[in-house]
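# Observations on the three-dimensional arrangement
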Amino acid sequence: MKCRQDRVLVHVDRLYPLYSYRLWNKSLMFKWKISGERCLSEFFAQLAADFLKKIKVSEIIPIPPRKGKIRKKGWDQINELVLYLKWHYGFQILEALERCSQEEQKKLDRQQRLEHIKSAYKLKPGIKKIPEEVWLIDDVSTTGSTLESCASVLKAAGAKKVYALTLFTVD
């Protein structure tokens with residue numbers, strides 16, 4: 001019940017999840033993210049593109065991976081998703097954020113996530129200007145702490161509105 005009482009998303013102006021993280025969606029996500037069935041990247045990109053085009057989004061900021069993730073797993077699903085969005089659907093990608101921490105969020109409980117995430121992201125060196133309205137994109141929102149941390153950094157850098165699109169949300 002604490003999750004429903006304590007608001008996590010303060011700097012995120014609105015979260016748009018495409019699907020709930022249950023039943024077949026959970027299996028699909030597992031196959032894509034954990035089992036590495038990369039053919040699903042194009043499928044998820046199409047779902048995201050359909051939504052983003054309806055609301056006329058042009059520029060997207062992806063949630064950056066943990067340092068070493070690509071070296072360890074060989075790929076990052078969000079990076080691949082945004083590459084499809086860029087090359088197949090014409091969206092602009094602004095890689096404005098950098099992850100500072102190495103720890104995986106999925107290994108932490110809710111309270112640990114909320115504490116850990118406060119300093120987990122920063123603006124990439126060399127990023128001078130952030131658009132007034134930005135869209136974050138990630139695969140799943142569990143507690144919302146990752147999105148909140150990134151939104152906080154973006155608002156501190158000048159964004160007026162930060163929206164987030166996730167493929168799934170844990171509800």
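Residues numbered from 1 in each chain as written. Predicted model: local features only at pLDDT ≥ 70, side-chain atom pairs only at ≥ 80, totals over all residues. Heavy atoms only, no water.

## Considering the overall build of the protein chain
- Within the protein chain one finds seven helices and seven strands.
- For the protein chain, the α and β elements follow one another from N to C terminus as α-β-α-α-β-α-α-β-β-α-β-β-α-β.
- Look at the contacts in the protein chain between residues 6 or more apart in sequence, and 81% of them connect residues 24 or more apart.
- Put simply, the protein chain shows about 9,600 Å² of open surface, and 51% of that area lies on carbon and sulfur atoms. (Helix = DSSP H or I, 4+ residues; strand = E, 2+ residues; numbered from the N terminus. Contact = heavy atoms within 4.5 Å. Areas by Shrake-Rupley, 256 points an atom, 1.4 Å probe, with all protein chains shown as cover.)

## Digging into the packing of aromatic side chains
- Taken as a whole, this structure holds 11 aromatic pairs when the rule is applied.
- Measuring from centroid to centroid gives 6.4 Å for Trp 32 and Trp 75, while their planes differ by 70°, and the two rings are edge-to-face. In this pair, Trp 32 is assigned in helix 2 (residues 24-33) and Trp 75 in the loop between helix 4 (69-73) and helix 5 (77-87), connecting sequence segments 43 residues apart. Of the two residues, Trp 32 and Trp 75, both sit in the buried class.
- Of the aromatic side chains, those joined through ring pairs into one cluster are Tyr 19, Tyr 21, Trp 24, Trp 32, Phe 43, Phe 44, Trp 75 and Phe 168. (Phe/Tyr/Trp six-rings, centres within 6.5 Å; stacked < 30°, edge-to-face > 60°. Buried < 20%, exposed > 50% of the residue type's maximum accessible area, 1.4 Å probe, protein only.)

## Quick word on the pattern of salt bridges
- Overall, the coordinates contain six salt bridges when judged by the stated rule.
- For the salt bridge of Asp 171 with Arg 22, the shortest nitrogen-to-oxygen distance reads 3.0 Å. Of the two residues, Asp 171 is situated in the segment after strand 7 (161-169) and Arg 22 in the loop between strand 1 (14-20) and helix 2; the sequence distance between them amounts to 149 residues.
- Judged by relative accessible area, which is 55%, Asp 171 ranks as exposed. (Salt bridge = Lys/Arg side-chain N within 4 Å of Asp/Glu carboxyl O.)

Without other data, these values stay purely geometric and don't point to any function.
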